[in-house]
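A look at the structure
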Amino acid sequence: MSETFQLDGAPVPFEPGQTVMQAALAAGHYIPHLCYHPEFKPHGSCKLCTVKVNGRTVASCTMPAEAGLTVESEIEELNALRRTLVQMLFAEGNHFCPSCEKSGNCVLQALGYDLEVHTAGFRHLYPDRPLDASHPDILLDFNRCILCELCVRASGEVDGKNVFALSGRGIAKHLIVNSESGLLSDTNIALTDKAMQVCPVGVILKKRVGFNMPIGERRYDERPISAQALDDAPRQTDASGNCEACEGTP
Amino acid sequence: MLPDNELRFDASRQIWLDQLVARHQTDASRLLQILREVQEYFGHIPQPAISRLAEKLSIPRVRIESVGSFYSFLHLKPHGEYRVLFSDNITDRMLGSEALMQQMCQQLWLQPGKVSEDGLVSISPTSCTGMCDQGPALLVNGRAITRLTHQRVQEIAQLIRNRTPLNNWPSDFFHVDDNIRRSGLLLDNTLAPGDVLRKALSLGGQKIVEAVKTSALRGRGGAGFPTGLKWEACRNAQGSEHYVVCNADEGEPGTFKDRVLLTRQADLVFEGMTLCALAVGSKKGFLYLRGEYRYMLEPLQAVLQRRRDNNLLGAKILGQSGFDFDIDIHLGAGAYICGEESALIESLEGKRGVPRSRPPFPVTHGYMQQPTAVDNVETFCQAALALHMGAEKYRAIGTEKSTGSKLISVSGDCAYPGIYEYPFGVSVREILQECGAVNTRAVQVSGPSGVCVGESEFGRKLGFEDIPTAGAFMVFDDSRDMFEVARNYVHFFAHESCGFCTPCRVGTSMLKQTMDKIAAGHGTKYDLNEIENLDSVLQNTSHCGLGRTACNPVLHTLKHFRPAYENKLKSLMFSPAFDLDGSLARARQMTGRDDAGAHLKEEI
Amino acid sequence: MSKKLRVATTSLAGCFGCHMSLLDIDERLFTLLELVEFDRSPITDIKHCGPCDIGIIEGGVCNAENVHVLREFRRSCKILIAIGACAINGGLPAQRNHLDLGSCLTEVYLTEPGLSHGHIPNDPELPLPLDKVHPLHEVVKIDYFIPGCPPSADAIWKFLTDLIAGNTPELGHGLIKYD
């Protein structure tokens, strides 16, 4: 009999070493999240997964599960915070969904839908972030980057290539690639890389397939992310190395 | 300074780089130290140097760019032969730093933040350089100049224009006063190097920990964690190595006591670190010195060497076999966040200074994931004193929960700024009287992340029972606009946010925008609501203390000085954040129009 | 049945797509017209706004005239709704925001291949463009937002009927869309 903690009043069993997020998802409880991905070391930067543990707010993806914890997640106070965080991410970048080929498969967008975010509010920063279309098969549209570092982690931890990294500090932080020219075409990225599959928004795109699947029939058009995230937990990669959970395109 | 493409083919520079890497044992964890030296040598970090370093250190070049771009004092692009940084703390501003910076910019024909067209000089503001008692201050190529006046700025501009090497500048420019105004058990100590260690050796590790616990010493960096418990946890933690780290990244605006301790009491600091090493079983220690205190590097290294020569560092310290310990000095490079202990450790490992997720804590998983005791400069001094004088005797000083003495860095509107040592429990009013402050409106205790104390609270006492403090004590008299004080602090937090987590990265920028909007006369009650909303997100969801406290200056000044905000509000109606008429200026310029329709009136 | 609500609509820097989507509520327009009557709107061709209960605005703010119209709506309407991507985040017109307005005008009117004797229009009848395109909420207080490019007829219907019935509007899955 494994030990448990309480999540919104329900007992959640956990294995030693699991975080609150991991145990919750495995037990069928959804906690909103963005930079968390089951295949990588939890990161804790987006803060969407903030919960209250014994009354104190913490990121559930990095919080080690412990017996007897009282965790609150699905409460309006926390959803209000999450809503503001989603709004901040929209206001920080240039998220123009109508022209984005990731629309409908985008995790940021899906979270906005689920949390009933009607507007980004805030004063939009409209940063200048030129595209990198140098690579014959891959497009980088930095306008949509939310700095979750999933590509950084995938390229470093899984691909062993370190194609991506973050540069700068604070609000000037941005994604860069590993080449003296600063261009993706001068890196050793390949279409089969894990880093190609993990972008939750529309930054890292395979060229010429964008609209194979019509808008309106995409992943989060069907069902809200809160329902789908549970289908995927614990998320697995298939034999060919594709992670169903990460990409709309196979 | 040569263009990057010329550097590429310059064999002598490549040899210099290779020797540099060799001097750092080709150790990638020393990347920040390597980059800092590259910056000093070239004036920036040239692209070919990055490629060469990547090759020699066997790390991806993207990691070097990532680290180099994190620290304010490192530049990936040419940034001028002379890089001038004006300390931009509110105390510098109150002493006229903004006008002085403007003056220098005019004299050298450039705009703040930009490099002059001939590549000679750049002038920018920077976060507090720790010279608040003798401001306004600046850094030129990393060296501190204090007590700026119009005349001194003029002289500096002339020296730069003449390309006079820094070593030939008048030496009194670089003089830093200690300004000790009141001393106590720490600053008056008469210990000789080795006195504490000799006593400690007779006790052994376990008893040292017991003694520090008995002394009830708490960390002097601000958080006040019991030092004895920290050392005990570190001592008991399993690991292949144990480390001792001295946090001398004194970045909290308004604090400069560590500067004085490292100048006057360096031996005691190192003695305290060595004592800690004995207690936790460590062979290796680091002093993480903030980049602003670069000028102390050589003197401190000389102290370390003297201690090695006197068998107070190195192998078999004081002849005790098995007691081996040495200290390495790492320099920061302009990042306030590295004062947070886990960010400091990341920086020590040669990475971006991003705070780690905790738990695990540094006492079990610190430097290189090994047990690490990180303590403030003053804490090590106090621990050494407590052990030497006896824990019970030490405990009698100060208050029950805040034992011993505390160095207070006093600056701002007072006759005698400088360092004051008091037993804990001293009231704000006592300090104000002693430093010659009159007509005081408020005191910012413990820096921007601390508390703003209004007149009605001057009876409050410094100590963990009431107002905890790392030591900053900035005084504002009744001529000061407390809104502007808060706005300066908000800019500071936005500049220093590491950018790791969403709330702090975006929230501090939004907060800055809102304060600027109010300052520009466009503020409304909606903006005060927005501040409250941002505060809730920052406090509840930020990754570390920086974000969690970034709203404090605004909340505290709103509480005590709400009219300072309200009288700036344009109206209670909504008002845009930007100047509508101003945003037509470019179109007016392009069309040559200036008719009534080419303007937008403000709405009343 | 209480008094009908007065509704005004307009398009600023928009494409009228949101208005088309409003018309797409089809036969439900009749039900709507039992509940509301239209003041200033492309539907009525009334040129200026009288006192209204609800103002619905599509498009962002890209020029001086947009500011005047938006202010008129804010003065006249108790509730102001931003409808569609452009009104909410600047949308397509805001894609010029990272460019200098001067170079945009120069390229379009002076240096574009095929132009001869071009000049930047300076007729006082024309509204001057702002240096950046702004979402509505950056210029006046906005009370509600209906996202989408355009929002579907169903989303608009749900939102308006909620609002008219006195409920805080909620869209829910399938109706809330940003694309």
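Residue numbers run consecutively from 1 along every chain, following the written order of its sequence. Both sets of labels track the order of writing: A upward for chains, 1 upward for ligands. This being a predicted model, a pLDDT of at least 70 is required before a residue's local features are given, and a value of 80 or more before pairs of side-chain atoms are given or counted; all residues contribute to the totals for chains, interfaces and linings.

When helices and strands are counted, chain B shows 24 helices and 14 strands. The globule rule puts the C-alpha radius of gyration for 604 residues at 25 Å, and the 25 Å found for chain B is close to it. Structurally, chain B occupies a C-alpha span of about 90 × 65 × 45 Å along its principal axes. By the convention adopted here, residues make contact when the C-beta atoms placed from their backbones lie within 7 Å. Nonlocal contacts in chain B, meaning residues at least 24 apart in sequence, comprise 72% of its contacts between residues at least 6 apart. Secondary structure elements are defined from DSSP: runs of H or I of at least 4 residues count as helices, runs of E of at least 2 residues count as strands, and each element is numbered from the N terminus. With C-alpha atoms as the basis for the radius of gyration, the globule rule is written as 2.2 Å multiplied by the number of residues raised to the power 0.38.

Turning to the overall build of chain C, a few remarks are in order. A count of helical and extended segments in chain C gives six helices and seven strands. Counting from the amino terminus, helix and strand elements in chain C follow one another as β-α-α-β-β-β-α-β-α-α-β-β-α. Burial is judged by counting the other C-beta atoms within 10 Å of a residue's own C-beta: 20 or more makes it buried, 12 or fewer makes it exposed, and any count in between marks it as partly exposed, with every C-beta position built from the backbone. Counting all 179 residues of chain C, 45% fall into the buried class. Across chain C, the fraction of contacts at a sequence separation of at least 24, relative to all contacts at a separation of at least 6, is 78%.

Burial analysis of helix H15 (residues 341-348) of chain B places eight of its eight residues in the buried class, the great majority of the element. A positive phi of about 85° marks Gly-350 of chain B, the residue just after H15 of chain B.

Moving on, we get to the interface of chain B and chain A. Between chain B and chain A, the residue contacts involve 34 residues of the former and 29 residues of the latter. Elements supplying a minimum of two residues to the side of chain B that touches chain A: helix H4 (47-57), helix H5 (61-68), helix H19 (482-496), helix H20 (502-519) and helix H21 (525-541) of chain B. With eight residues, H20 of chain B is the single largest residue contributor to the side of chain B that touches chain A. In this classification, the charged set is Asp, Glu, Lys and Arg, the nonpolar set is Ala, Val, Leu, Ile, Met, Phe, Trp, Tyr, Cys and Pro, and all remaining amino acids, among them Gly, are polar. Across the side of chain B that touches chain A, the residue classes tally to 13 nonpolar, 17 polar and four charged.

Our next topic: the packing of helix H10 (residues 205-215) of chain B against helix H16 (residues 377-389) of chain B. Residue and element names in this part refer to chain B. Here an angle of 0 to 180 degrees is reported between the N-to-C directions of two axes, which are lines fitted to C-alpha atoms, with helices fitted over the stretch in contact. Contact geometry for H10 and H16: axes closest at 10 Å, N-to-C directions at 100°. One finds that H10 runs roughly perpendicular with respect to H16. Of the residues in H16, those in contact with Ile-208, Ala-211, Val-212 and Ser-215 of H10 are Ala-383, Ala-386 and Leu-387. Here the residues of the contact of H10 with H16 are counted per class, giving six nonpolar, one polar and no charged. Note on angle classes: values under 35 degrees are labelled roughly parallel, values over 145 roughly antiparallel, values of 65 to 115 roughly perpendicular, and the remainder oblique.

All right, on to the pairing of strand S8 (residues 174-177) of chain A then. Residues and elements named next belong to chain A. With four bridges connecting them, strand S7 (residues 164-167) and S8 associate as antiparallel partners. Across the sheet, the residue bridging to Phe-164 is Val-177, located in S8. Two strands qualify as a pair provided that DSSP identifies no fewer than 2 bridges between them. Hairpin geometry of S7 and S8 is characterised by an intervening segment of six residues between the two adjacent antiparallel strands and by a positive phi of about 75° at Gly-168.

Here we take up the nonpolar core. We define a nonpolar core as a collection of buried residues of the types Ala, Val, Leu, Ile, Met, Phe, Trp, Tyr and Cys that are connected via C-beta atoms lying within 7 Å of each other. Among the nonpolar cores identified, the biggest contains 307 residues, and Val-245, Val-269, Leu-275 and Cys-276 of chain B are the most heavily contacted of them. At 11 residues, helix H13 (residues 266-280) of chain B tops the list of elements feeding residues into this core.

Three- or four-residue spacings in an α-helix give side chains the same orientation, since the helix completes a turn every 3.6 residues. The end-to-end C-alpha distance of H19 of chain B, which contains 15 residues, comes to 21 Å, matching closely the 21 Å that a straight helix rising 1.5 Å per residue would cover. In terms of residue burial, H19 of chain B counts as a mostly covered element, since 14 of its 15 residues are buried. An expected span of 1.5 Å times one less than the residue number is assigned to each helix.

Residues and elements named next belong to chain B. That bond from Arg-358 to Pro-359 is cis: its omega, 0°, falls within 30 degrees of zero. Residues other than glycine seldom take positive phi values, yet Thr-26 does so here, at roughly 45°. Mapped onto the elements of the fold, Thr-26 is located in the loop between helix H2 (11-23) and helix H3 (31-42). Residue class for Thr-26 comes out partly exposed when judged on the 13 C-beta atoms lying within 10 Å of it.

Bring the parts together and some accessible area is lost; that lost area is often taken as the interface size. With 19 residues of chain A in contact, the opposing surface of chain C contributes 23 residues. Here the residues of the side of chain A that touches chain C are counted per class, giving eight nonpolar, eight polar and three charged.

Right, let's talk about the sheet that holds strand S4 (residues 143-145) of chain B for a bit. All names here are of chain B. Reading across from one edge, S2-S1-S3-S4 is the order of the four strands in this open sheet, with mixed pairing throughout. Since the sheet does not close on itself, it has two edges, and those belong to strand S2 (121-126) and S4, each with one partner. Here the strands of the sheet are splayed against their neighbours by 25° on average, with no regard to which way each runs.

All names here are of chain B. Segmentation of the chain into domains, including their bounds, is taken from an automatic or database domain assignment. Each assigned domain of chain B is listed with its residue range as follows: domain 1 (4-68), domain 2 (82-177), domain 3 (182-395), domain 4 (406-477) and domain 5 (483-566). The interface of domain 1 with domain 3 comprises nine residues on the first partner and eight residues on the second. Looking at the side of domain 1 that touches domain 3, the elements with two or more residues in it are H3 and H5. Among the elements that make up the side of domain 1 that touches domain 3, the one with the highest residue count is H3 (four residues).

The next subject is the environment of His-330 of chain B. Residues and elements named next belong to chain B. Turning to its location among the elements, His-330 is positioned in strand S8 (residues 326-331). Judged by C-beta crowding, with 22 C-beta atoms within 10 Å, His-330 ranks as buried. Taking the C-alpha atoms as reference, His-330 lies 6.1 Å from Leu-289; in sequence the two are 41 residues apart. In contact with His-330, not counting residues within four places along its chain, are Gln-33, Phe-286, Tyr-288 and Leu-348.

Take the sheet that holds strand S6 (residues 243-248) of chain B next. Residues and elements named next belong to chain B. With parallel pairing, four strands are arranged side by side in an open sheet as S8-S7-S6-S9. Both outer strands of the open sheet, S8 and strand S9 (372-376), are each paired with one neighbouring strand and no more. Averaged over all neighbouring strand pairs, the angle between strand axes comes to 20°, with direction disregarded. Note that strand S7 (residues 284-289) and S8 share six bridges and pair parallel. Each bridged residue has a counterpart across the sheet, and for Phe-286 the counterpart in S8 is Asp-328.

Moving on to the environment of Leu-130 of chain C. Summarising the element assignment, Leu-130 of chain C is placed in strand S6 (residues 129-134). Linking Leu-130 of chain C and Ile-120 of chain C, residues 10 residues apart in sequence, is a C-alpha distance of 15 Å. Other than its neighbours up to four places away in sequence, Leu-130 of chain C contacts Ser-583 and Leu-584 of chain B together with Val-61, Cys-62 and Asn-63 of chain C.

It is worth spelling out the packing of H10 of chain B against helix H11 (residues 227-236) of chain B at this point. Residue and element names in this part refer to chain B. It is at 7 Å that the axes of H10 and H11 come closest, and there the two elements cross at 155°. The angle between H10 and H11 falls in the class roughly antiparallel. Between H10 and H11 lies a crossing of left-handed hand. Where H10 approaches H11, its residues Gly-205, Val-209, Val-212 and Lys-213 are matched on the opposing element by Thr-227, Gly-228, Leu-229, Trp-231, Glu-232 and Arg-235. Its residues assigned to classes, the contact of H10 with H11 comprises four nonpolar, three polar and three charged. Handedness of each helix crossing follows the sense of rotation of the near helix against the far helix: counterclockwise by less than a right angle gives left-handed, clockwise gives right-handed.

Moving on, we come to the pairing of strand S5 (residues 77-83) of chain C. Residue and element names in this part refer to chain C. In terms of burial, S5 is largely enclosed, as five of its seven residues are buried. Alignment of strand S3 (residues 52-58) against S5, held across six bridges, turns out to be parallel. Opposite Ile-56, over in S5, you have Ile-81 as the bridge partner. Summarising the sheet, S5 and strand S7 (residues 144-146) pair through three bridges and their orientation is parallel. Each residue of the ladder has a partner; that of Ile-83, found in S7, is Ile-146.

Before going further, it helps to spend a moment on the confidence of the model for chain C. Residue and element names in this part refer to chain C. pLDDT gives the predictor's per-residue confidence on a scale running from 0 to 100. Residue-level pLDDT values for chain C average 95, and 99% of them are 70 or greater. When pLDDT is averaged over each element of chain C, S7 comes out on top at 98 and helix H5 (residues 101-111) at the bottom at 94. Interface predicted TM-score (ipTM) for the complex: 0.93; the corresponding pTM is 0.94.

What follows concerns the environment of Arg-548 of chain B. Residues and elements named next belong to chain B. Mapped onto the elements of the fold, Arg-548 is located in helix H22 (residues 545-549). When the 19 C-beta atoms within 10 Å are taken as the criterion, Arg-548 is described as partly exposed. It is 9.3 Å that separates the C-alpha atoms of Arg-548 and Pro-503, two residues lying 45 residues apart in sequence.

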